[in-house]
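Each chain is listed here by its residues.
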Amino acid sequence: MKERKQMIDLRTTYMGLELKNPIVASASPLCDSVDKIRLLEDHGIAAVVLPSLFEEQLSVDSESVDADLARGAETFSESASFFPRAMNYNLGPYGYLELIRKAKESVSVPVIGSLNGVSPAGWIEYSRDIEQAGADAIELNIYSLVTNPARTALDVEKDYCGLVRAMRENLRIPIAVKISHFFSAIANFASHLDTSGANALVLFNRFYQPDLNIEQLEVVPSLTLSHPSELLLRLHWVAIIHGHIGADLAITGGVHSAEDVLKSMMVGARVAMMTSALLQYGVEHLDTVRTGVVQWMEEHEYESINQMHGSMNQRNVPDPAAYERANYMHVLSSYALSKRSLQPQGLVKMTHSESAD
Ligand SMILES: Cc1cc2nc3c(=O)[nH]c(=O)nc-3n(C[C@H](O)[C@H](O)[C@H](O)COP(=O)(O)O)c2cc1C
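Being a predicted model, the structure only gives us computed values, none of them experimental.

Rules of the game
Per chain, residue numbering runs from 1 following the sequence as it is written. Per-residue local features of the predicted model are confined to residues with pLDDT of at least 70, and side-chain atom pairs are confined, for both listing and counting, to 80 or more; whole-chain, interface and lining totals are unaffected and use all residues. The basis for every side-chain value is the complete set of non-hydrogen atoms in the structure, without hydrogens or water. Segments assigned H or I by DSSP are reported as helices when at least four residues long, segments assigned E as strands when at least two residues long, and all are numbered from the N terminus. Here the term buried applies to any residue with accessible area under 20% of the maximum for its type, exposed to any over 50%, and partly exposed to those in between, with areas from a 1.4 Å probe on protein chains only. Should any heavy atoms of two residues lie within 4.5 Å, those residues are considered in contact. Only the protein chains shown count as covering a residue, and every accessible area follows the Shrake-Rupley method with a 1.4 Å probe. Note that patches include only residues with greater than 30% relative accessible area and no salt bridge, and the join distances are 9 Å for like charges and 5 Å for nonpolar side chains (Val, Leu, Ile, Met, Phe, Trp, Tyr). One side-chain nitrogen of Lys or Arg within 4 Å of one carboxyl oxygen of Asp or Glu is enough to make a salt bridge. Pairing of aromatic side chains requires ring centres within 6.5 Å, counting the rings of Phe and Tyr and the six-membered ring of Trp. Pairs whose planes differ by under 30 degrees are stacked, by over 60 edge-to-face, and all others tilted. Expected helix span is computed as 1.5 Å times (number of residues minus one). For two strands to count as paired, DSSP must find a minimum of two bridges between them. By the criterion used throughout, a crossover qualifies as right-handed when its path from the first strand across the helix to the second strand runs clockwise, the strands pointing away from the viewer. Note on geometry: axes are lines fitted to C-alpha atoms, helical ones only across the stretch in contact, with angles between N-to-C directions running from 0 to 180 degrees. Here the angle decides the label: under 35 degrees means roughly parallel, over 145 means roughly antiparallel, 65 to 115 means roughly perpendicular, and every other value means oblique. Note: crossing handedness is left-handed where the near helix turns anticlockwise from the far helix by less than a right angle, and right-handed where it turns clockwise. In the scheme used here, Gly and all other residues not listed as nonpolar or charged are polar, with Ala, Val, Leu, Ile, Met, Phe, Trp, Tyr, Cys and Pro taken as nonpolar and Asp, Glu, Lys and Arg as charged. Nine residue types can take part in a nonpolar core, namely buried Ala, Val, Leu, Ile, Met, Phe, Trp, Tyr and Cys, and a core is a set of them joined through side-chain atoms within 4.5 Å. Note on charges: Lys and Arg go in the positive column, Asp and Glu in the negative column, and His and the chain ends are not counted at all. For every residue, the predictor assigns a confidence score, pLDDT, that lies between 0 and 100.

Colleague: Any chance you could explain the overall build of the protein chain here in plain terms?
Modeller: Looking only at helices and strands, one finds 16 helices and 13 strands in the protein chain. A total of 357 residues make up the protein chain; the buried ones form 49% of that total. Here the analysis covers contacts within the protein chain between residues at least 6 apart in sequence; of these, 69% occur between residues at least 24 apart. When the accessible surface of the protein chain is summed, it comes to about 17,800 Å², and 53% of that surface belongs to carbon and sulfur atoms.

Colleague: Please explain a nonpolar patch on the surface as it appears in this structure.
Modeller: Residues Leu212, Ile214 and Val219 make up a contiguous nonpolar surface patch of about 350 Å² in total accessible area. Along the chain, the position of Ile214 falls in the loop between β10 (211–213) and β11 (218–220). By relative accessible area, which is 66% here, Ile214 ends up exposed.

Colleague: Just to check I follow, could you spell out the packing of aromatic side chains for this structure?
Modeller: The geometry of an aromatic ring pair comes down to the distance between the two centres and the angle between the two planes. Tallying each qualifying case throughout the model produces four aromatic pairs. Grouped by ring-pair contacts, the aromatic residues Tyr160, Phe183 and Phe189 constitute a single cluster.

Colleague: Explanation requested: the pattern of salt bridges in the structure shown.
Modeller: Under the criterion given, the structure shown has 11 salt bridges. For Asp248, the salt bridge is made with Arg270, and the minimal N-O distance between the two is 3.6 Å. You can see Asp248 sitting in strand β12 (residues 248–252) and its partner Arg270 sitting in the loop between α11 (258–267) and β13 (271–274), a full 22 residues away along the chain. Assessed through its relative accessible area of 15%, Asp248 is described here as buried. Arg290 is paired through a salt bridge with Asp287; the nearest N and O atoms lie 3.8 Å apart. With Arg290 and Asp287 both in helix α13 (residues 285–299) and three residues apart, the pair spans about one turn of that helix. Residue classification places Arg290 among the partly exposed positions, given a relative accessible area of 24%.

Colleague: I'm lost on helix α6 (residues 92–106) in this one. Help?
Modeller: Note: α-helices contain 3.6 residues per turn, so residues at a spacing of three or four share the same orientation. The end-to-end C-alpha distance of α6 is 21 Å, a good match for the 21 Å that 15 residues give at a rise of 1.5 Å each. Taken together, the buried positions of α6 are occupied by Gly92, Pro93, Tyr96, Leu97, Leu99, Ile100 and Ala103.

Colleague: Would you mind showing me how to read unusual backbone geometry here?
Modeller: A negative phi holds for most residues other than glycine; trans holds for most peptide bonds. With an omega dihedral of -10°, the bond running from Leu203 to Phe204 counts as a cis peptide bond. Position of Phe204 among the secondary structure elements: in the loop between β9 (200–203) and β10. In this structure, Met15 is a non-glycine residue whose phi angle is positive, near 55°. Note that Met15 resides in the loop between β1 (12–14) and β2 (17–19). The class for Met15 is buried, based on a relative accessible area of 9%.

Colleague: Looking at this model, I keep getting lost on the pairing of β9. Mind explaining?
Modeller: Regular strands place their side chains on alternate faces of the sheet. Residues Ala200 and Val202 line one face of β9 and the alternating positions Leu201 and Leu203 line the opposite face, and both faces are buried. Where strand β8 (residues 175–179) lies against β9, four bridges are found, and the strand directions are parallel. Note that in β9 the partner of Lys178 across the bridge is Val202. Crossover β8 to β9 through helix α9 (residues 186–195) is right-handed.

Colleague: I'm lost on the packing of α11 against α13 in this one. Help?
Modeller: A packed helix pair is summarised by two numbers, namely the angle formed by the two axes and the spacing between the axes. Between α11 and α13, whose axes approach to 8 Å, the crossing angle comes to 60°. Accordingly, the angle class assigned to the pair α11 and α13 is oblique. Along this stretch, α11 crosses α13, giving a crossing that reads as right-handed. Residue-level inspection shows Ala258, Val261, Leu262 and Met266 of α11 in contact with α13, the latter providing Val289, Gly292, Val293, Trp296 and Met297. Of the residues contributing to the contact of α11 with α13, the split by class is eight nonpolar, one polar and no charged.

Colleague: Would you mind going over the nonpolar core with me for this structure?
Modeller: Where a protein is soluble and globular, its nonpolar side chains tend to be buried together. Core analysis: the biggest nonpolar cluster contains 84 residues, and Leu140, Val177 and Leu193 have the highest contact counts within it. At seven residues, the largest contribution of residues to this core is made by helix α8 (residues 153–170). Not counting residues within four places of it along the chain, the set of residues in contact with Val177 comprises Leu140, Ile142, Val164, Leu193, Ala198, Ala200, Leu201 and Val202.

Colleague: Any chance you could explain the packing of α8 against α9 here in plain terms?
Modeller: Packing of α8 against α9 leaves a shortest axis separation of 9 Å and a crossing angle of 25°. Here α8 lies roughly parallel to α9, going by the angle between them. For the pair α8 and α9, the sense of crossing is right-handed. Residues Glu157, Tyr160, Cys161 and Val164 of α8 lie in contact with α9, whose contacting residues are Asn188, Phe189, His192 and Leu193. Partitioning the contact of α8 with α9 into residue classes produces five nonpolar, two polar and one charged.

Colleague: What should I look at first to understand the side chain of Glu41 in this one?
Modeller: Structurally, Glu41 can be placed in helix α2 (residues 34–42). One buried charged side chain, Glu41, makes no salt bridge at all; its nearest oppositely charged neighbour is Lys20, positioned 5.0 Å away. Beyond its immediate sequence surroundings of up to four residues, Glu41 is in contact with Lys20, Ser106, Val107, Ser108 and Val109.

Colleague: So what exactly am I meant to see when it comes to the confidence of the model for the protein chain here?
Modeller: One rule of thumb: low pLDDT means the predicted coordinates there are not for detailed reading. Here the protein chain averages 85 in pLDDT, and 81% of its residues register 70 or above. The low-confidence segment residues 1–5 (pLDDT under 50) makes five contacts with residues lying over four places distant or belonging to another chain. Within the model, the stretch residues 61–85 combines pLDDT values under 50 with 48 contacts to residues more than four positions away or in other chains.

Spelled out as structure tokens, the structure:
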């Protein structure tokens, strides 16, 4: 038994980085100190993404940041909305570089910096600093809310690609781009990001909608951790995009279990990222997930992660239409047939009682 375990090869590559397994800690406060990163490494994490540094932190003082947040300014990211005092979120610009340097001295797993901004000029300089501090790669968390009715989808996509091109021209380290799913033609957009120089796409940023306090008539920030069902959207799009672009694909959002990691690999992701599950169950959960992956692979006679990589992408499944509209009617009708209340008899009964009233 022990011998077979050693034969399982969990290694993967991500943007050219060699990883010992495909499980990566996505950007969050779980990675905001050397001690926490070391703990993640002790529990087998293959790479870490540091919490995002916000463009606003680089260009304005903290009071302006808070004022913007209170206004709900258009340029703010998902992450800023759940950390009102953004200046303190990730140690600030200088602490951030220090964290990269110290983490690189203390751990052997790749350390990926994360930037959140909107204007290329605003953060090229800082991304160079992140590179010089020793980050192995950089993740651009460029999600922004487009609330201006005059801005078109094309304008937005062009800006994103322009940002990636500018970053590519100025950096040597690999660049990952973390996007939301709020694009009308994701496959086309993904391919433009790829040709603009992205080495990886991270699908998808979660969108944190503010809630309403109806007593105080206030809009209040709200953050809920992810549910595993959120993974399905990611699996769907990675399955479609994989094989069409050169950039690697990463999944973030709803990865909670070993099975989730395996599914992510099968649709074509190079890495499966985790945050919510680790916040919920503790960093030790990584051991359970990794062991679960190995166990499943043993039981199903897989020798390596590479072997399953993309095996269930749209091109490789027997019924590619399963990922397309053709399945829509089937899905709806299969639900209706399984629910008694929606069967013809149930509907007839309802109609009778309604008319009796
Ligand atoms: C507390 C918290 C802080 C986060 N901070 C960031 C951040 O700074 N930058 C970023 O790109 N994503 C951030 N995220 C999003 C996560 O990186 C991740 O993409 C998201 O939570 C979905 O993955 P999950 O289902 O594994 O949680 C944060 C998430 C949480 C819960």
